[in-house]
Amino acid sequence: MRRDGLRTARLIALLLPAALLAGAWGSQLFGLVPCEMCHWQRWPHYAAVGVALLAFAPLPRPVQMLFVLFAALLIAVSGAIGVFHAGVEYHWWQGITACTAPVGHGDAMDILNQALRRPLVRCDVPQWTLFGISLAGFNAILSLGGAVTIFALAPRKARR
């Protein structure tokens, strides 16, 4: 008998965001400091873990599936934010926060004040990469890939 797709999807919906959050927190132990956009990517994962836990409650299968699919949607949202953040890091497009805005023009004191008001951790400069892929890029790849996998597996029923 093959494994029920919903069971596997439920596990992925719980373990993927939990693992990505653990990796993010672990990177902080090694000295990486998250920028504002890094935190944006974490919020949907926090929500996905909570929603995925609800999918383990003794509820009817269709309700469990709704929780799993909603968790997958939240994971995909984090992945989409990761795509945006990676694009900002690769300078494909401009960021929308103070941590990516260029210093304006004016007299020297205005420029200095603008620079001092900015966050110390820049959103448009990756702190770490592997094979040219930043942490935001890895979040995008893993989150979007995981969400697609969950959407594909959740409706499958066990076959004999």
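Residues numbered from 1 in each chain as written. Predicted model: local features only at pLDDT ≥ 70, side-chain atom pairs only at ≥ 80, totals over all residues. Heavy atoms only, no water.

Draft legend 1. Molecular detail of the overall build of the protein. Along its length, the protein carries five helices and two strands. Put simply, the protein runs from its N terminus to its C terminus through helices and strands in the order α-α-α-α-β-β-α. Taking all 160 residues of the protein together, 38% fall into the buried category. Look at the contacts in the protein between residues 6 or more apart in sequence, and 73% of them connect residues 24 or more apart. Total accessible area on the protein stands at roughly 9300 Å², and carbon and sulfur atoms take up 71% of it. (Helix = DSSP H or I, 4+ residues; strand = E, 2+ residues; numbered from the N terminus. Buried < 20%, exposed > 50% of the residue type's maximum accessible area, 1.4 Å probe, protein only. Contact = heavy atoms within 4.5 Å. Areas by Shrake-Rupley, 256 points an atom, 1.4 Å probe, with all protein chains shown as cover.)

Draft legend 2. Spatial organisation of the nonpolar core. In this structure, A9, A13, V68, A71, I75, I150 and A154 are the most contacted members of the largest nonpolar core, which totals 23 residues. If you list the elements that add at least two residues to this core, you get α1 (5-29), α2 (36-54), α3 (61-89) and α5 (135-153). With residues up to four places along the chain from it excluded, the contact list for A71 reads A13, A48, V51 and A52. (Core = buried A, V, L, I, M, F, W, Y, C linked by side-chain atoms within 4.5 Å.)

Draft legend 3. Layout of the packing of aromatic side chains. One pass over the structure, following the stated rule, counts five aromatic pairs. Centroid distance W43 to Y46: 5.3 Å. Interplanar angle 65 degrees. Geometry classified as edge-to-face. Of the two residues, W43 and Y46 are both situated in helix α2; the distance of three residues between them amounts to about one turn of the helix. Between Y90 and W92 the ring centres are 5.1 Å apart and the planes differ by 40 degrees, which places this aromatic pair in the tilted class. Classification of Y90 as partly exposed rests on a relative accessible area of 28%. (Phe/Tyr/Trp six-rings, centres within 6.5 Å; stacked < 30°, edge-to-face > 60°.)

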